[in-house]
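Structure assessment
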Amino acid sequence: PALAERFRSVFGNRVAIQHSGLTVGERHDQWHRIRRSEVDVVVGTRSAVFSPIEDLGLIVVDEEHDASYKQEESPRYHGRDAAIVRGRHANVVVVLGSATPSMETYNNAKIGKYEQVVLPQRVLQRPLPEVKIVDMRNELATTGPDTVISNELLRGLEDRLRRKQQALLLLNRRGFAASVLCRRCGQTLECPNCSVTLTFHRGVDRVRCHYCNYSKSRPERCSNCTSPFLEQIGFGTERIESEVSRRLPRARVARLDRDTARRKGAVTRILSGFAAGAVDILIGTQMVGKGHDFPAVTLVGVISADVGLGLADFRAAERTFQLLTQVAGRSGRGEWPGEAVIQTFFPDHYSIGFSCQQEYEQFFNAEMKYRRSMQYPPVVAMVNVLVRAGKHEDAMGDANVLAKALRRNRRFDVLGPAPAALPKLRGEYRVQMFLKGTDRPAMRGALQEVLGRYPRLQRRVTVDVDPLNVL
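Now for a look at the structure at hand. (Residues numbered from 1 in each chain as written. Predicted model: local features only at pLDDT ≥ 70, side-chain atom pairs only at ≥ 80, totals over all residues. Heavy atoms only, no water.)

1. Some points on a nonpolar patch on the surface
Taken together, the side chains of Leu-58, Val-60, Val-93 and Val-95 define a hydrophobic patch exposed on the protein surface, amounting to about 340 Å² of accessible area. For the nonpolar patch, the secondary structure elements donating two or more residues are β3 (58–62) and β6 (93–97). Relative to the assigned elements, Leu-58 resides in strand β3. (Patch = residues over 30% accessible without salt bridge, like charges linked within 9 Å, V, L, I, M, F, W, Y side chains within 5 Å. Areas by Shrake-Rupley, 256 points an atom, 1.4 Å probe, with all protein chains shown as cover. Salt bridge = Lys/Arg side-chain N within 4 Å of Asp/Glu carboxyl O. Helix = DSSP H or I, 4+ residues; strand = E, 2+ residues; numbered from the N terminus.)

Shown next as structure tokens:
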């Protein structure tokens, strides 16, 4: 919304908007305005790259590292890569903008495939925020195991309230508690359709699966041993909102996550209220760390910098570095200097250390060392092949058939098959394998040829070339 408004202030009605939040009628009207050349600028999400502009002159992919440019359902495509292909066909410049480029993009710049243009300082030469790391191991030893907001962060919030400045708090996990555990038998509430625990949402007093959206009322007793001692483990943005309101009763607090953003216009309303100064502290998931410009924000707090590091994904360190660097950069964008407080149990991890120093080049070098040793992109190309079935043994059997046929091709490696990191999702069992090599066309061709031999599998096999999500 902020970006669209900025362009409208310059180009007026010659701006079109394209994103999935529009109604069918609104999208139809915008598309035809573009088609009739009544528009000079199109602002939108990944689908905007297909806008029917006749005399195209420039494509800008802002925050090119963002995972939302990749469409995870069919047809699978990456908006950034589609922009590069369209720019090549139209013979126009494509600008990929980011303070934390993806490993693939920066590697292309390093090897000379892309031209690198560096902005060495902030606008108006404003200083980068001062970043403080809080080791939560020491904090919990001092203040107790239920601590979610450190003394350092609390003092910073109190100081901003006194100075009538604003603060952003990031926690990339929604809900009130990450899981519900029985203290007697150790059983957790799990989703019947997916291999995940159910998240407790106190506002509606329900537990919910964040993958298939299954939900039910919070039970009073354990279904396994009938014990009434059910304990809420972990925390999400809803818990942080409650904790901040309790500790700072004078503060005007708002929350921005997928739960609060469900209604149409909610995101614009929350962000507009924050920009207008009607909110002192905005709490949210990664939605609050993406490209916003709030001059009165002088403090950013990251509640748990480690949320993504434990995932079974080779991009975990890259995503952590990008998110922390981006959200810290929301602080100090106006006249006042900024500060960021990062709470973590792993202060020595290189992704956290280099993000606090805003040292992209050093992070890139450290991460490339890991990628080379493990043969991960951008060193090689990768294809994720996922086989789904109603029974685990059926999925594994079909995956073994595909793997055996693919291994006859010596131009790439086949890893697996093995149960996926989420073995069951939306009622289906999942088995995956990875193809790794430097010859992407050879991998694609081999997969097309093998799947052509087994047409019964095609509807149950997902092929993702250059996957961003391997879970």
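2. Quick look at the sheet that holds strand β17 (residues 339–344)
Strand order in the open sheet formed by six strands is β7-β17-β16-β8-β15-β14, and the pairing between neighbours is parallel. At either margin of the open sheet sits one strand with a lone partner, and together these are β7 (130–135) and β14 (253–256). Taken pair by pair, the neighbouring strands of this sheet meet at an average axis angle of 15 degrees, ignoring direction. As defined by bridge partners, β7 adjoins β17 across six bridges and the pair is classed as parallel. In the sheet register, Glu-130 faces β17, and the bridge partner there is Glu-339. Helix α6 (residues 151–163) rests against β7, β8 (166–170), β15 (281–284), β16 (297–302) and β17 of the sheet, and its axis sits at about 155 degrees to β16. Here helix α9 (residues 316–328) sits on the sheet in contact with β8, β16 and β17, set at roughly 155 degrees to β16. (Pairing = 2+ DSSP bridges. Axes fitted to C-alpha atoms, helices over the stretch in contact; angles between N-to-C directions. Contact = heavy atoms within 4.5 Å.)

3. Re the packing of aromatic side chains
The tally for this structure, following the rule as stated, stands at twelve aromatic pairs. Centroid distance Phe-321 to Phe-363: 4.3 Å. Interplanar angle 5 degrees. Geometry classified as stacked. Of this pair, Phe-321 sits in helix α9 while Phe-363 is found in helix α11 (residues 360–374), placing the two residues 42 residues apart along the sequence. Judged on exposure class, the residue Phe-321 and its partner Phe-363 are both buried. Members of the aromatic cluster, each reached through a chain of ring pairs, are Tyr-106, Phe-321, Tyr-350, Tyr-360, Phe-363 and Phe-364. (Phe/Tyr/Trp six-rings, centres within 6.5 Å; stacked < 30°, edge-to-face > 60°. Buried < 20%, exposed > 50% of the residue type's maximum accessible area, 1.4 Å probe, protein only.)

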